[in-house]
Amino acid sequence: MSRKGYFKNKGKRKKDIREILPSILIVCEGEKTEKLYFEAFEVPNAHVRVEGEGRGANVLLEAARKYLKNDEYDQIWLVFDKDEVKDQDFNNAINKIESKGYNAIYSNPCFELWYLLHFSFQQSTLSKEECLKKLKSRIPKYEKNIEDMYERLKDKIEVAIKNAKKLEEQKKDINSYSKKNPYTNVYKLVEELRKYERK
């Protein structure tokens, strides 16, 4: 076999391997906090693209469309917070995302609730400020956009998943997404990514 033919076939084999792995697109409302967290997952058994938009829940679907113009994905996850979004806009955004067959991953009041659940269960309604205050009592030097939050928290991830599922069970009869506080279903995306971690 010529050297030229070798590289041609070698490239083809790589392409075939790559094609059988699932492709996952994660579009985050936050430009850095959520993006840095999800990028830290080591998932060699899937192709994961994480983008931070810096745009609110009510326009996140439109913002995600630019990544779908040239690429196809097996899974699409949109990650956002309730934060200051109006109740009806928040509810509409989730309904619209899910009607497209995408995964709506949302936190009320904010993404930091997911971090906080690594330490303790939260039951009382929280504002974003209260959530951050509680988190800083656990991580005194916490600031948004810390690059190693996944590494800091990964040993407690099972606790966070358990607490998030407990919250979900408690809030299952609340019909309005915006009224679920505290609430986060980030655990769903975390569990999905963990399926593709190195075994």
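Below or above, wherever it landed, is the structure these notes cover.

### Considering the packing of helix H3 (residues 57–68) against helix H4 (residues 87–99)
- Contact geometry for H3 and H4: axes closest at 7 Å, N-to-C directions at 30°. Considering their axes alone, H3 and H4 lie roughly parallel with respect to each other. Seen from H3, the contacting residues are Ala57, Asn58, Leu61 and Glu62; seen from H4, they are Asp89, Phe90, Ala93, Lys96 and Ile97.
- Of the residues contributing to the contact of H3 with H4, the split by class is five nonpolar, one polar and three charged.

### As for the packing of aromatic side chains
- One pass over the full model with this rule turns up 15 aromatic pairs.
- A connected cluster of aromatic rings, assembled from ring pairs, spans Tyr37, Phe38, Phe41, Phe111, Tyr115, Tyr142 and Tyr150.
- Directly above the ring of Tyr183 sits Lys180, whose terminal nitrogen or CZ lies 5.1 Å from the centroid.

### Some details on the pairing of strand E1 (residues 23–28)
- Taken across its six residues, E1 has six buried, putting it largely inside the fold.
- By the alternation rule, side chains of E1 split into Ser23, Leu25 and Val27 and Ile24, Ile26 and Cys28, which are all buried.
- Looking at chain direction, E1 and strand E2 (residues 47–52) are connected through six bridges and run parallel. Note that in E2 the partner of Ile26 across the bridge is Val50.
- For the crossover from E1 across helix H2 (residues 33–39) to E2, the handedness is right-handed.
- Pairing of E1 with strand E3 (residues 75–81), which is carried by five bridges, proceeds in the parallel orientation. Bridge pairing links Ile24 to Gln75 in E3.

### Comments concerning the nonpolar core
- Within the largest apolar cluster, 40 residues are counted, with the highest numbers of intra-cluster contacts made by Ile26, Tyr37, Phe38, Phe41, Trp114, Tyr115 and Val190.
- For this core, the secondary structure elements donating two or more residues are E1, H2, E3, helix H5 (112–116), helix H6 (128–138), helix H7 (149–153), helix H8 (157–170) and helix H9 (186–194).
- Sequence-distant contacts of Val190, defined by excluding residues within four places in its chain, comprise Tyr37, Phe38, Phe41, Trp114, Ile157 and Ile161.
- By size, the runner-up hydrophobic cluster in this structure holds 20 residues, among which are Ala64, Phe80, Ile94 and Ile97.

Cut-offs applied
Residues numbered from 1 in each chain as written. Predicted model: local features only at pLDDT ≥ 70, side-chain atom pairs only at ≥ 80, totals over all residues. Heavy atoms only, no water. Axes fitted to C-alpha atoms, helices over the stretch in contact; angles between N-to-C directions. Helix = DSSP H or I, 4+ residues; strand = E, 2+ residues; numbered from the N terminus. Parallel < 35°, antiparallel > 145°, perpendicular 65-115°, else oblique. Contact = heavy atoms within 4.5 Å. Nonpolar A, V, L, I, M, F, W, Y, C, P; charged D, E, K, R; others polar. Phe/Tyr/Trp six-rings, centres within 6.5 Å; stacked < 30°, edge-to-face > 60°. Lys NZ or Arg CZ within 6 Å of the ring centre and 35° of its normal. Buried < 20%, exposed > 50% of the residue type's maximum accessible area, 1.4 Å probe, protein only. Pairing = 2+ DSSP bridges. Right-handed = clockwise from strand over helix to strand, strands pointing away. Core = buried A, V, L, I, M, F, W, Y, C linked by side-chain atoms within 4.5 Å.

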